[in-house]
Amino acid sequence: MNKSFKQLASLLLELEERDGAHGEVFARLGFTDPDKAATLWGTLVRRAGIAVPADGGGDAVGGDRAADGGGDAVGGDRAADGGEDHVVHLLGELAACPDPDMALLNLGRFIDALISPSQFFGSLFLEKPLVHLLVVVFSCSYYLSDILKRNPEYLSWLIQRETLESFKSYRTYRDELRAQISPFTDQRRRLNSIKRYRRRELLRIGTRDLLGLATVEEVTSELSFLADAVIGTVTRLAFAGEAEKAGFDLPEESRDAGPFQRFAVISLGKLGGSELNYSSDIDLLYICDAAAAGEMAFYTALARRITRDLSEQTEEGYLYRVDLRLRPDGESGPLVVTTGEHMNYLMRRARPWERQALLKARHTAGSAAVADAFIDNCARVTFSAREDADPRPGILTMRERAIAQLPAGERRRNIKLMSGGIRDIEFITQALQLVHGRARHEVRSRNTLEALERLHHYGLLEDEVLDSLVRGYRLFRTVEHRLQMLLDVRTHTLPGGDEALERLGARVAHGAVGGVTPDTFRTELGRSVRQVQKLFDTFFRDQKPGEISFILSLPAGEREVSRVLSRYGIREGETAHRFLSSLVYGDFPRLEPPETLHAATAALPIVLDAVRRTPDPALTLKNLVRIVKSTGAVRSTLELLAGGGDLLRLLLAIAALSTRLTETISHRPELLDALAEGFSPGGPPDTANNEETLAGELKRWYEEVLLSIHCRHPIPEHGPSTLGPLFSDALGEAVTILHRACGGGDTDMALFALGSLAARRCRSGSDLDLLAVIPDGADPRPGADVLRGIIAETRHAGLAAVDPRLRGEGEGSPLARTVGYYRQYFAERADFWEILTFSRCRFLCGSAGTARSFEEVMRSFAERSDVKNNFADNFLAARRRLERLSKGAWDVKHAPGGLYDINFMLAAVNLLFPTREVRAIEWDDSIEVLRSNGLLLPDEIDLLVRAFDLYYLAQHAAALHNIAYPPLPEREAFLESYLGRLLRPIAPDKENFIEKLEHFRNRTRDIFTRFVERVS
């Protein structure tokens, strides 16, 4: 007997509880809070009636209570004979246990729960092994302590030799559970009896573990066998209940018949590997064979009931937390899946980590035949020839994903997921199985330790590597068990403080892990972590986690997804993640094979780096995904894009700059190959074709023209001086074709262009301002019919909107007017702004004679008195009239300094210089007249050109994305950001697009004002 403990025991028994004397004793015993311990001890001895004669025969602590009760103190002569020795033993156990304060607290709580604590202590003091068992359990687990407190009667069962020394098999658990529930007929009572049984068995397993009577392998196996038996029992009960509801009349002895023969519960994860923790979730998958009519509804109801019965809280607690997210398509997938559907999922779109998870798939309940077929399917896919790619990059990606999802403070303290932890050992093991399992079936074990032993047996793992991994795994799992059994909480996080780590080490030392003591725990733990880190780094040397695989393996809303994608300029991480997932995995029913992910892993970093430099990376990615998917050959397209060459530049030019052309390519993917080969669109369709097909053929031709222009002359490198003539000529040619197709050749009508079409400055989304003129005396109806036909066909072909409202008298007047009408109209009634507009009218097609007559009319404009005598005043008045139509900060047309300022100055040249032999209609010609006549200075012309470029490109870019200009309020933020980046080369000192507009409008208005002064 330890002399010092005997002395301390004497002090505790002899001293009255005063002046903190007991606190000093507990401080010497190593209690963290000695005063609280003293209080607990005093309560304990009074409640338990601990009495030992002082000085060999006098009064003892608790003596008065014994006298009051009319009898001897607890233990009677036995206490007198050896009570002090037993107190010494109790104090010795408390001082040596991992947490004396916790042990004393739980001991007191246990005593409080007893009906006759004094009788119990009379026995306890004579049973030193029992004292050791209680103190160890009470100092290591509040959860197990609570089980004993709730059910003190378990203690007499627990201390029996066969209880603690025997290892229970699945069959034993199953049979005991059947006996456990047999007295009950009510479903709730049956479930509660299962919960009581499970709780009692967890106490037994945990006690065996803490006393070092069971190895790590035995503990995890028993926890798993217990779970299997519970799940199997619950499944059979659920089946009986659902069968009764469904009207299946099945006697008890036939419960395996009928639909139950085609339903199985598959366990995965820790349970699948028979490696369950004390507080693990259980990963389950519900499988059925090809369902007969109506059976799937039954299976689904059965699966829901099993899940509910396992996880629902009652007065007896719950059984297990059930995780069903490993089923196909995760939480969005069906609760029950047929073996055929699952096989299709594995072949078509299962991710590598999903196939890897199936290494641990195991039958737990239901039909063994269905489970065997399912597991055989899993093995055939996981170890098929198509899966012979190196699994290490994908595994490394999963590892990085898991670590990234941890809070920063846990990344070096999570024994499961940290570098050098449990998951690293599992990943090394599974990687070796995936590499060698196809050729050598023997290494395909679900259990980590068993798999390591098999890999070593077949020469695939060296002795020292095996020793390091096995020792580390056993140590880490024991640590995990001690963390979880403390409060029955699913945790893997090591405590941060030295004192808490020391207590954990002491708890780990109470177990079957050899060579670990409280003093050596931290050293052994650190050594094992470093060894596993080194082995992992060696095994995964030269491997890099695929960043794309990494973020695709995460849920869309994860912070890490946004962090990675933000490096590529993509702010809408969740949306972009959805596009990438759709690209790599496909969409039902058009699903991508697993090889597409390998191609994406190589290509997408290059693609995203290029996407980053576009005006709106998120929009570019969305359009790019749409184009690539439209090819029907995602994998091969990605492989081509990985080269980062001409194809990538071509696709980016479309995806980044035009949603409209993205839609065209998506509907006509064959154009992509033609574009890559540098095609030029052919001529327009022949008007001899059937009129019913002309609009469609014209539409297809114009789409090709737009694509060719866009890809050969992308914005903003090319502006209106290049694009304007190309768009205008294409539209003019289309109008000419429609003029012939609609019967224009049978009339003497001349068709004229006004506005941007006349000036050859059309853009995407431009209206076509057309004017129909007929000879004097002609019938206006045929010409009007031709124009109506052109309007309808351009709309059907999706070319541009034809606007005939600039004709004399506007919308209410006939569509076709005679030359004489216009001669009189311009001389007597036309507004000054109309004179300016018509001064740049250009003949498009139709009767040349009618065109010459009308052009003579336009030459007479300068003879009007308001042009000759009051030009400046009328010029300004006309401009101010249009300014009233301004639409705010976005306006590039009506606002002061906008397009009308520029176009008015350009149009003025034909009125100011009527003697010129050729009218200046096109933009460049008008600018040259202004320059040569000194009305604009070179720097002013340069500014106007830049302003026009900005205004033109802003409208053109918006139209390319099918956005109205000015934008609707909900699109303003996007368009401002997009145009700000796209048009940065124009006025680079102005970052904000609205600031650019204001800058150019102000300077354009200054030039306009000076122009008016010069022509006054």
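Residues numbered from 1 in each chain as written. Predicted model: local features only at pLDDT ≥ 70, side-chain atom pairs only at ≥ 80, totals over all residues. Heavy atoms only, no water.

Visitor: For the overall build of the protein chain, give the residues involved together with the corresponding values.
Guide: When helices and strands are counted, the protein chain shows 48 helices and 12 strands. When burial is assessed residue by residue, the protein chain has 55% of its 1016 residues classed as buried. Element-wise, carbon and sulfur atoms account for 48% of the exposed surface of the protein chain, whose accessible area totals about 42,900 Å². (Helix = DSSP H or I, 4+ residues; strand = E, 2+ residues; numbered from the N terminus. Buried < 20%, exposed > 50% of the residue type's maximum accessible area, 1.4 Å probe, protein only. Areas by Shrake-Rupley, 256 points an atom, 1.4 Å probe, with all protein chains shown as cover.)

Visitor: Requested: an account of the packing of helix H13 (residues 187-210) against helix H14 (residues 216-246), with residues and values cited.
Guide: Axis separation between H13 and H14 bottoms out at 10 Å; the angle between their running directions is 175 degrees. Overall, the two elements H13 and H14 adopt an arrangement that is roughly antiparallel. Packed against H13, whose contacting residues are Gln187, Arg190, Leu191, Ile194, Tyr197, Arg198, Glu201, Leu202, Arg204, Ile205, Arg208 and Asp209, the element H14 presents Glu218, Val219, Glu222, Leu223, Leu226, Val230, Thr233, Val234 and Leu237 at the interface. Split into classes, the residues belonging to the contact of H13 with H14 amount to 11 nonpolar, two polar and eight charged. (Axes fitted to C-alpha atoms, helices over the stretch in contact; angles between N-to-C directions. Parallel < 35°, antiparallel > 145°, perpendicular 65-115°, else oblique. Contact = heavy atoms within 4.5 Å. Nonpolar A, V, L, I, M, F, W, Y, C, P; charged D, E, K, R; others polar.)

Visitor: Describe the packing of helix H21 (residues 422-436) against helix H23 (residues 463-487), with residues and values.
Guide: The geometry of H21 relative to H23 is characterised by a closest axis approach of 9 Å and an angle of 140 degrees between their N-to-C directions. Put simply, H21 runs oblique to H23. Along this stretch, H21 crosses H23, giving a crossing that reads as left-handed. Residues Ile422, Ile425, Glu426 and Ile428 of H21 pack against Leu469, Gly472, Tyr473, Phe476, Arg477 and Glu480 of H23. Residues of the contact of H21 with H23, tallied by class, amount to six nonpolar, one polar and three charged. (Left-handed = near helix turned anticlockwise from the far one by under 90°.)

Visitor: A description of helix H45 (residues 923-932) should follow, citing residues and the corresponding values.
Guide: Along an α-helix, a turn takes 3.6 residues, which lines up residues three or four apart on a common side. Regarding H45, the residues found buried are Trp923, Ser926, Ile927, Val929 and Leu930. Burial along H45 is one-sided: seen end-on, the buried residues are contained in an arc of 160 degrees. The elements touched by buried residues of H45 are helix H37 (755-759), helix H44 (899-912), helix H46 (938-960) and helix H48 (993-1015). Of the residues one or two after H45, Gly934 is the one with positive phi, at around 75 degrees. (Arc of directions from axis to C-beta.)

Visitor: How would you explain the pattern of salt bridges if you had to name every residue and give the values?
Guide: With the rule as written, the count across this model stands at 60 salt bridges. A salt bridge links Asp779 to Arg781; the nearest nitrogen and oxygen atoms lie 3.1 Å apart. With its nearest N and O atoms 2.9 Å apart, the salt bridge here joins Arg1014 to Glu940. One end of the pair, Arg1014, is in helix H48; the other, Glu940, is in helix H46, and 74 residues separate them in sequence. On the accessibility criterion, Arg1014 (32% relative accessible area) is partly exposed. (Salt bridge = Lys/Arg side-chain N within 4 Å of Asp/Glu carboxyl O.)

Visitor: Talk me through the environment of Thr601; I want residue IDs and the actual numbers.
Guide: When you line up the elements, Thr601 lands in helix H29 (residues 595-611). For the pair formed by Thr601 and Val584, sequence separation is 17 residues and the distance between their alpha carbons is 9.4 Å.

Visitor: Talk me through the pairing of strand E8 (residues 750-754); I want residue IDs and the actual numbers.
Guide: Among the five residues that make up E8, five are buried, leaving the element largely enclosed by the rest of the structure. Here E8 shows two buried faces, one formed by Ala750, Phe752 and Leu754 and the other by Leu751 and Ala753. Pairing between E8 and strand E9 (residues 768-774): five bridges, direction antiparallel. Directly across from Phe752, in E9, lies its bridge partner Leu771. Both E8 and strand E12 (residues 842-846) contribute to a ladder of four bridges, which runs antiparallel. The residue of E12 that forms the bridge with Phe752 is Phe843. (Pairing = 2+ DSSP bridges.)

Visitor: A description of H48 should follow, citing residues and the corresponding values.
Guide: In a regular helix each residue adds 1.5 Å, so 23 residues correspond to 33 Å; H48 covers 33 Å between its end C-alpha atoms and thus fits that length. Restricting attention to buried positions, one finds in H48 the residues Phe993, Ile994, Lys996, Leu997, Phe1000, Arg1001, Thr1004, Ile1007, Phe1008, Phe1011, Val1012 and Val1015. Buried residues belonging to H48 abut helix H43 (871-883), H44, H45, H46 and helix H47 (969-982). With a side-chain oxygen lying 2.9 Å from the backbone nitrogen of Ile994, the N-terminal cap of H48 falls on Asn992. (Expected span 1.5 Å × (residues − 1). Polar contact = N/O pair within 3.5 Å; in protein donor to acceptor, adjacent residues only side chain to side chain.)

Visitor: Pulling in residues and values, what's your account of the layout of surface pockets?
Guide: Put simply, the second largest pocket is a space of about 1,500 Å³. Looking at the second largest pocket, it is lined by 46 residues, and the ones nearest its centre are Gly755, Ser756, Asp769, Lys893 and Tyr900. Going through the elements one at a time, H37, helix H40 (832-838), H43, H44 and H46 are the ones with two or more residues in the lining of the second largest pocket. In terms of residue class, the lining of the second largest pocket is built from 22 nonpolar, nine polar and 15 charged. (1 Å grid on protein atoms, 1.4 Å probe; cavity = no way out; pocket = protein on both sides within 12 Å on 5 of 7 lines; lining within 4 Å. Points joined across faces, edges and corners; volume = space filled by probe spheres on them.)

Visitor: Tell me about unusual backbone geometry, and name the residues and values.
Guide: Residues Ile715 and Pro716 are joined by a peptide bond in cis, for which omega reads -5 degrees. For the bond from Tyr965 to Pro966, the omega torsion is -5 degrees, close enough to zero to count as cis. On the secondary structure map, Pro966 appears in the loop between H46 and H47. The backbone of Asp488 sits at a positive phi, close to 55 degrees, despite the residue not being glycine. Its place among the elements puts Asp488 in the loop between H23 and helix H24 (498-509). Given the relative accessible area of 22%, Asp488 is considered partly exposed.

Visitor: Would you mind going over a negative patch on the surface in detail, with residue names and values included?
Guide: A cluster of acidic residues, Glu453, Glu462, Asp463, Glu464 and Asp467, forms a negative patch on the protein surface. It is H23 that contributes the most residues to the negative patch, three residues altogether. By the element assignment, Asp463 lies in helix H23. (Patch = residues over 30% accessible without salt bridge, like charges linked within 9 Å, V, L, I, M, F, W, Y side chains within 5 Å. Lys, Arg positive; Asp, Glu negative; His and termini not counted. Charge placed at Lys NZ, Arg CZ, Asp CG, Glu CD.)

Visitor: Go over the packing of aromatic side chains with me, naming the residues and quoting the values.
Guide: This model, assessed by the stated rule, comprises 33 aromatic pairs. Summarising the aromatic geometry, the rings of Phe263 and Tyr299 are spaced 5.8 Å apart at their centres and angled 25 degrees between planes, so their arrangement reads as stacked. On the criterion of sequence distance, the pair formed by Phe263 in strand E1 (residues 263-268) and Tyr299 in helix H16 (residues 295-311) is long-range, its members being 36 residues apart. When sorted by exposure, Phe263 lands in the same class as Tyr299, which is buried. (Phe/Tyr/Trp six-rings, centres within 6.5 Å; stacked < 30°, edge-to-face > 60°.)

Visitor: Would you mind going over the side chain of Asn910 in detail, with residue names and values included?
Guide: Within the secondary structure, Asn910 is located in helix H44. Relative accessible area serves as the criterion here: at 10%, Asn910 is assigned to the buried category. Discounting residues that sit within four places of it in the chain, Asn910 has contacts with Ser839, Arg840, Arg919 and Ala920.

Visitor: Describe the confidence of the model for the protein chain, with residues and values.
Guide: Looking at the protein chain as a whole, its pLDDT mean stands at 87, while 90% of the residues score no less than 70. The element-level mean pLDDT for the protein chain is lowest in helix H4 (residues 63-68), coming to 36, with helix H15 (residues 269-272) highest at 97. (pLDDT = per-residue confidence, 0-100.)

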